[in-house]
Each structure stands twice: as C-alpha cells, then as structure tokens.
Amino acid sequence: MIKVGIIGATGYAGGELVRLLQGHKEAEVVWYGSRSYIDKQYADVYQNMFQIVEDRCLDDNIAELAEQVDVIFTATPQGFCASVLNEEILSKTKVIDLSADYRIKDVAVYEKWYEIKHKSPQFIEEAVYGLCEVNREQIKGARLVANPGCYTTCSILTAYPLAKEGIIDMNTLIVDAKSGTSGAGRGAKIPNLYCEVNENIKAYGVASHRHTPEIEEQLGYASGEKVLINFTPHLIPMNRGILATEYASLKKDVAYADVKAIYQKYYGNETFIRMLKEDVCPETKWVEGSNYVDINFKIDARTNRIIMMGAIDNLVKGAAGQAVQNMNLMFGLPEDEGLKLVPMFP
C-alpha cells in the first residue's frame, strides 16, 4: 500500500484528491494536512466524507510528513512548496506539487508572472512536467513532479499533436478558454460570490494570465520554436469544467483525414484522451467528474485556419486526477488505477 500525505487537503483540489484516493486499490491517505482546520475532523469540513474518512486534519509539517509517507501531494498556493522543499525531504519521499512552483524552467519567467521570489530554484531542472500523455517515461523515474495547471492541461493537449507535426503557424495561435468557478479555489473572494458569478460571463487576466508562459513553454518544446500566444480565460457560472477553443493558421493544405490521422498518431492509444467524431464539439458536461479530455477540430478552409477544441474537468484531469495519474506512473501501477470514472450526467 502506498502511504499518501496531502498538504492542502481541504481546498478544492485537495478534496478531490481525497475523493479519488478513496477508490484507489493501492493507496491510503494517512495525513490530511490543512493549516486552516488543524484537529478538526475531515468529514466536518467535507460532509460527503461522513463515515468514509474518520481522520482529523493535521498541520503542514512537511519534514515530519516525509518520515511517514511514500508520496506527498502539495495542493497549496504558489510559493509554499518551493519554500519548504529540500534535499532531505526528496531523499525520503516523492513529491507531486499541484502549484506552479516547478512547472516553468526559467526561474526569471516564474518570478515575473507570479510576482514572488522562488525559494528553491535548485530543484526546477530536476522537476518533471507531469503531463502524462507527453512526458510519461520521464515521470516514471521522477521524485519531483510539477503537476500541470487546469487551463494549461486542456490548452496544451488540444494543440500538441498539430504543434508537434508542424502544420500550424505557432505565431498565430490564440487560446480562448472558459472555466468553472472551482478553478479559483475555495478561498472567500468577492469576484467569486454567487451574485457576482451567476448569470454572467467575463474575461479576466487578459494578456496577463499567469498560465500563459506555461502553455508557451510546453508548446515551444513540441514545435521546436519560441511560441507567443494570446491566451484569454473567462469565468462562467458553473462549478466544474474547462473548455478551450484554439485558433491557428495552417502552414499547408490539409484535409480532415490528414488532421484526424495526426491526432490518432499521438492519442490513439491514450486511455484518457477521447477524439470525438467529426463535427461533434467537446462539451464540459460530458467529462464532468472524470479524468477524460475530449478533443476535436474543424478546418476552416475559407480563412485557412483550424479551430481546435478541448474539454476537461478542471478538478480531475486539470488537477487531482492528473496528480493521481502521475502517482500511478511513479510507482509502476496501472495508469488508470483509481481513475476509472464514468463522467457524471446530469
């Protein structure tokens, strides 16, 4: 049995980790870390865990935690993991960080976009970017995994095969994405109040959202060139889900069958990526509660552009599900263990 510790277990991503790991045959959560609810019964914070989780919340003492577990999930704000991680901890346990602390290889870019000083840049090069469908082999041997963000997971996977094959002009890529409110976390913020969000849709972080350099970096690796994109996120009044609609100019004439073949080349054997039938657009409701990514595309011959579309559940494939998928790879388990989740509807 893999002994698991979670720091940030009472946030939305942490709570989703707890939910998923209850159904994992090879893992047991032994530490429910939550600075806000120390000594409070976990099921009193999330009553869906009543008579399922009997443990109380503990603190975020990562040094003590490292002595007791095989893997630590840090579902914490940016800067926390970087401020506490050291070689002694990594020599004792594996770490899967759900924040952005180790996702971006250039520390100066991280510090510019997140406006904080990185406290342990010595681990950035070692950290493996935990996009399982792209970096599977590197993840298997990692002791530190940087779990990708929700917007980035959807945006990168939607465009990755076409970037890799060089059929789209990366200088023209535009990513327009929408997210449910759980993506903003569980903290009390006025913009996320019911009356602020309900019956409304708004763009935010326009030309400045901090997931932008993460998407650019990873698609840059895929395409072999420097990538600059326009990325515009939007907040919509639903709990879960991300829909990314991406636009790019084609570098050559292609037919539907050509593009479909490219996607099949990269994703045809992937458990969690579903390429939809022609003319079927991804919808967030068909992936809710699951680790699936639904992807499709449409060629616009009139403008010589291609429209790529992807949908995920931001708390599962966009956070906790992907983290569990990474854990499975790191411990040599079947990749879908604990993640055989049929999407919920309605």
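A brief report on the enclosed structure follows. (Residues numbered from 1 in each chain as written. Predicted model: local features only at pLDDT ≥ 70, side-chain atom pairs only at ≥ 80, totals over all residues. Heavy atoms only, no water.)

**Observations concerning the layout of surface pockets**
Computed from the structure, the largest pocket encloses a volume of approximately 1400 Å³. Mapped by element, the contributors of at least two residues to the lining of the largest pocket are α1 (12–21), α8 (150–165) and α12 (316–330). The greatest single-element share of the lining of the largest pocket, amounting to three residues, is contributed by α1. Here the residues of the lining of the largest pocket are counted per class, giving 18 nonpolar, 24 polar and seven charged. Space inside the second largest pocket adds up to approximately 410 Å³. Lining the second largest pocket are 22 residues, and of these Y12, Y46, S182, R240 and L315 sit closest to its centre. Take the lining of the second largest pocket: its biggest share by element is four residues, from α1. For the lining of the second largest pocket, the residue count by class is seven nonpolar, nine polar and six charged. (1 Å grid on protein atoms, 1.4 Å probe; cavity = no way out; pocket = protein on both sides within 12 Å on 5 of 7 lines; lining within 4 Å. Points joined across faces, edges and corners; volume = space filled by probe spheres on them. Helix = DSSP H or I, 4+ residues; strand = E, 2+ residues; numbered from the N terminus. Nonpolar A, V, L, I, M, F, W, Y, C, P; charged D, E, K, R; others polar.)

**Considerations on the sheet that holds strand β1 (residues 2–7)**
Overall, parallel pairing links the six strands, which are arranged β2-β1-β3-β4-β6-β5 in an open sheet. One side of each edge strand has no neighbouring strand; the edge strands of this open sheet are β2 (27–33) and β5 (128–129). Pairing geometry for strand β3 (residues 71–74) and strand β4 (residues 94–97), over four bridges, is parallel. Bridging from a neighbouring strand, I72 pairs with V95 of β4. (Pairing = 2+ DSSP bridges.)

**Overview of the packing of α8 against helix α10 (residues 212–223)**
Interaxial distance between α8 and α10 falls to 9 Å at its minimum, and their mutual angle equals 20°. If you check the angle between α8 and α10, you find them roughly parallel. Relative to α10, α8 is oriented so that their crossing is right-handed. Residues T152, S155, I156, A159, Y160, A163 and K164 of α8 lie in contact with α10, whose contacting residues are E214, I215, Q218, L219, A222 and S223. In the contact of α8 with α10, the residues fall into seven nonpolar, four polar and two charged. (Axes fitted to C-alpha atoms, helices over the stretch in contact; angles between N-to-C directions. Parallel < 35°, antiparallel > 145°, perpendicular 65-115°, else oblique. Left-handed = near helix turned anticlockwise from the far one by under 90°. Contact = heavy atoms within 4.5 Å.)

**Thoughts on helix α7 (residues 132–140)**
Listing the buried residues of α7 in full gives C132, E133, N135 and I139. Taken down its axis, α7 places every buried residue within 140° of arc, on the same side. Turning to α7, the residues buried within the fold contact β5, β6 (144–146), α8, β11 (273–275) and α12. (Buried < 20%, exposed > 50% of the residue type's maximum accessible area, 1.4 Å probe, protein only. Arc of directions from axis to C-beta.)

**Describing the packing of aromatic side chains**
Scanning the entire structure with this criterion turns up 10 aromatic pairs. Relative to Y46, the ring of Y42 has its centre 5.8 Å away and its plane inclined at 50°; by these criteria the two rings are tilted. On the basis of relative accessibility, which here comes to 0%, the residue Y42 falls in the buried class. An angle of 20° between the planes, with centres 5.1 Å apart, marks the rings of Y110 and Y114 as stacked. In this pair, Y110 and Y114 are both assigned in helix α6 (residues 107–114), four residues apart and thus about one turn of the helix distant. Overall, Y114 belongs to the buried group, its relative accessible area being 6%. Among the aromatic residues, those joined into a ring-pair cluster are Y256, Y263, Y267 and F297. One Lys or Arg, K94, reaches over the ring of F331 and ends 5.7 Å from the middle of that ring. The side chain of R274 reaches across the aromatic face of Y292, ending 4.3 Å from its centre. (Phe/Tyr/Trp six-rings, centres within 6.5 Å; stacked < 30°, edge-to-face > 60°. Lys NZ or Arg CZ within 6 Å of the ring centre and 35° of its normal.)

**Some remarks on the sheet that holds strand β8 (residues 202–203)**
One open sheet holds the seven strands; their spatial order is β8-β9-β7-β10-β13-β12-β11, and the pairing between them is mixed. With one partner strand each, in any of the chains shown, β8 and β11 form the two edges of the open sheet. Relative to strand β13 (residues 305–312), strand β12 (residues 293–300) is paired through seven bridges, and the arrangement is antiparallel. Bridge pairing links D294 to A311 in β13. Each of β7 (174–179), β9 (230–235), β10 (242–249), β11, β12 and β13 is contacted by α8, which is oriented at about 140° to β13, the strand it contacts most.

In short, shape yes, function no, at least from these values alone.
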